[in-house]
Amino acid sequence: MDPAVLLAILCLGVALAAESLDPSLDSEWQEWKTKYNKNYSLEEEGQRRAVWEENRKLIKQHNSESDQGKNGFTMKMNAFGDMTDEEYKKIMADLPISKVRRKKSIQQRIVGRLPKFVDWRRRGYVTSVKNQGRCNSCWAFSVVGAIEGQMFRKTGRLVSLSPQNLVDCSRPEGNLGCYLGSTYYALRYVWNKGGIEAEATYPYEAREGYCRYRPERSAARITGFSFVSSNERDLMRAVATIGPISVGIDARHRSFRFYRGGIYYEPNCSDNITHSVLLVGYGYEGRESDGRKYWLIKNSHGEGWGMNGYMKIARDRNNHCGVATFAFYPRV
């Protein structure tokens with residue numbers, strides 16, 4: 001295409017986008033760009049602004065309905081505000097759970113009383129919230145979180161482990177770096193290689209590079225790993241008695257992307273697992289009989305997402321978003 005024609009088309013697109021923008025949001029838009037260090041070309045500015053305004057409108061409408069008691073959670077603008085649904089889904093992927101052989105499924109009998117509230121953060125099992133960036137490495141963060149908790153349980157020392165080690169080195173087990181990964185394959189890598197490095201010696205880069213793992217720098221080892229049966233009651237016992245658990249959920253929805261607080265319930269959620277997180281506890285709000293039960297999960301979208309990086313997701317509501325479908329914990 002003639003460069004002049006292409007430029008004319010781009011300029012027309014920018015002009016059309018600009019015409020639909022709300023000038024009363026100019027200062028808010030500028031503040032948002034500054035906060036999240038967003039910089040665009042002249043051609044892209046109007047398009048990103050239009051997406052941001054559309055997402056802002058959805059968030060505002062949802063929160064208005066929440067004020068009327070129609071939703072149990074609220075939403076907020078965050079770093080994903082200029083992304084379309086399609087772009088956000090690119091940092092998600094259908095995790096290859098059907099290929100995983102789950103011979104070591106742990107089906108636990110519920111014997112005796114379990115605590116009504118569990119939060120492993122309060123007992124020192126959980127490191128700070130991280131940010132995976134544009135790399136689809138949620139599976140790596142979920143796995144290192146589970147190993148960190150079990151190593152703390154064994155040694156009393158909490159060491160932040162390296163998701164980058166897994167991103168770079170677990171291709172032989174079946175993972176595909178920033179494109180696609182499985183917590184099962186990542187755990188198998190750590191088991192096969194005899195360890196994983198600490199974040200301090202193998203820092204996160206949000207992109208796949210060559211494998212630089214050195215066994216002598218290993219900061220944690222596992223003796224194996226177990227799958228928790230796809231049952232919320234068994235998952236509850238595992239969380240209460242073992243520690244943080246690596247789980248997968250369906251996180252494709254804008255309600256998840258812009259989650260702020262409250263107990264998350266998305267009517268369109270399924271058990272189609274697209275995102276890995278760390279399950280660090282459970283509890284309920286109000287009276288136990290009210291049924292407002294939740295799982296407490298740690299995400300890898302940074303502290304600006306959700307409740308300082310965490311989410312409460314509906315518990316005992318038919319395995320909501322598939323939270324109990326793909327749950328693992330390492331043995332150390």
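Residues numbered from 1 in each chain as written. Predicted model: local features only at pLDDT ≥ 70, side-chain atom pairs only at ≥ 80, totals over all residues. Heavy atoms only, no water.

**Some details on the packing of aromatic side chains**
- By the definition in use, this model includes 25 aromatic pairs.
- Pairing phenylalanine 225 with phenylalanine 328 gives two aromatic rings, centres 6.1 Å apart and planes at 65°, and the pair type is edge-to-face. One end of the pair, phenylalanine 225, is in strand β6 (residues 224-228); the other, phenylalanine 328, is in strand β12 (residues 327-331), with 103 residues separating them in the sequence.
- Relative to phenylalanine 328, the ring of phenylalanine 326 has its centre 5.0 Å away and its plane inclined at 85°; by these criteria the two rings are edge-to-face. (Phe/Tyr/Trp six-rings, centres within 6.5 Å; stacked < 30°, edge-to-face > 60°. Helix = DSSP H or I, 4+ residues; strand = E, 2+ residues; numbered from the N terminus.)

**A word on the side chain of threonine 127**
- If you trace the backbone, threonine 127 turns up in the loop between β3 (118-119) and α5 (138-155).
- Under the relative-accessibility criterion, threonine 127 is labelled buried at 9%.
- Side-chain polar atoms of threonine 127 contact the side chain of glutamate 148, separated by 2.9 Å.
- Excluding anything up to four places from it in sequence, threonine 127 contacts Glu148, Leu158, Val159, Ser160, Lys298 and Tyr310. (Buried < 20%, exposed > 50% of the residue type's maximum accessible area, 1.4 Å probe, protein only. Polar contact = N/O pair within 3.5 Å; in protein donor to acceptor, adjacent residues only side chain to side chain. Contact = heavy atoms within 4.5 Å.)

**Thoughts on the state of the cysteines**
- Inspection of every chain in the model, using the stated rule, returns three disulfides.
- At a sulfur-sulfur separation of 2.0 Å, the disulfide partner of cysteine 135 is cysteine 178. Here the disulfide of cysteine 135 and cysteine 178 is left-handed, its torsion about the S-S bond being about -95°. Of this pair, cysteine 135 sits in the loop between β3 and α5 while cysteine 178 sits in the loop between α6 (163-169) and α7 (183-193); the two residues are 43 residues apart in sequence, bridging distant segments of the chain.
- The buried category is assigned to cysteine 135, whose relative accessible area is 1%.
- Among the residues examined, cysteine 178 registers a relative accessible area of 23% and is labelled partly exposed.
- Paired through a disulfide, cysteine 269 and cysteine 321 show a sulfur-sulfur distance of 1.9 Å. Since a negative S-S torsion denotes a left-handed disulfide, the cysteine 269-cysteine 321 link at about 100° is right-handed. Of the two residues, cysteine 269 is situated in the loop between β8 (259-264) and β9 (275-284) and cysteine 321 in the loop between β11 (310-314) and β12; the sequence distance between them amounts to 52 residues.
- Residue cysteine 269 is classed as buried on the basis of its relative accessible area of 16%.
- The cystine pairing of the chain, numbering bonded cysteines in sequence order, is 1-3, 2-4, 5-6. (Disulfide = S-S within 2.5 Å.)

**Digging into the nonpolar core**
- Of all hydrophobic cores here, the largest spans 52 residues; its most connected members are Leu235, Val239, Ile245 and Trp295.
- Membership of the second largest hydrophobic core comes to 25 residues, among which are Val144, Val167, Ala220 and Ile222. (Core = buried A, V, L, I, M, F, W, Y, C linked by side-chain atoms within 4.5 Å.)

**Comments concerning the pairing of β9**
- Judged by how many residues are buried, β9 sits mostly within the fold: 10 of 10 residues are covered.
- As paired strands, β3 and β9 are joined by two bridges and run antiparallel to one another. In the sheet register, aspartate 119 faces β9, and the bridge partner there is glycine 281.
- Both strand β7 (residues 245-249) and β9 contribute to a ladder of five bridges, which runs antiparallel. (Pairing = 2+ DSSP bridges.)

**Side note on unusual backbone geometry**
- For asparagine 37, which is not glycine, the phi torsion reads 55° and is therefore positive.
- Along the chain, asparagine 37 turns up in the loop between α2 (26-35) and α3 (42-67).
- The phi dihedral of aspartate 316 falls on the positive side, at around 60°, and the residue is not glycine.
- Of note, aspartate 316 is situated in the loop between β11 and β12.
- By relative accessible area, which is 39% here, aspartate 316 ends up partly exposed.

**Points about the pairing of β8**
- Within β8, five of the six residues are buried, which leaves it mostly tucked inside the rest of the structure.
- Pairing geometry for strand β1 (residues 73-75) and β8, over three bridges, is antiparallel. Across the sheet, threonine 74 pairs through a bridge with glycine 261, a residue of β8.
- The pairing of β8 with β11 spans two bridges and is classified as parallel. Bridging from a neighbouring strand, tyrosine 264 pairs with isoleucine 313 of β11.

**Observations regarding the confidence of the model for the chain**
- When pLDDT is averaged across the chain, the result is 90; 88% of the residues are at 70 or more.
- This stretch, residues 3-17, has a pLDDT under 50; its non-local contacts, to residues over four places away or in other chains, come to seven contacts. (pLDDT = per-residue confidence, 0-100.)

**Overview of the side chain of histidine 253**
- Looking at the element boundaries, histidine 253 is found in the loop between β7 and α9 (254-257).
- By relative accessible area, histidine 253 is classed as buried at 14%.
- Beyond its immediate sequence surroundings of up to four residues, histidine 253 is in contact with Tyr264, Glu266, Asn268 and Cys269.

**What about helix α8 (residues 232-241)?**
- Judged by how many residues are buried, α8 sits mostly within the fold: eight of 10 residues are covered.
- Of all the positions in α8, only Glu232, Asp234, Leu235, Met236, Arg237, Ala238, Val239 and Ala240 are classed as buried.
- Regarding α8, its N-cap is asparagine 231, as a side-chain oxygen of that residue lies 2.7 Å from the backbone nitrogen of arginine 233 further along.
- Directly after α8, the chain includes glycine 243, whose backbone phi takes a positive value near 135°.

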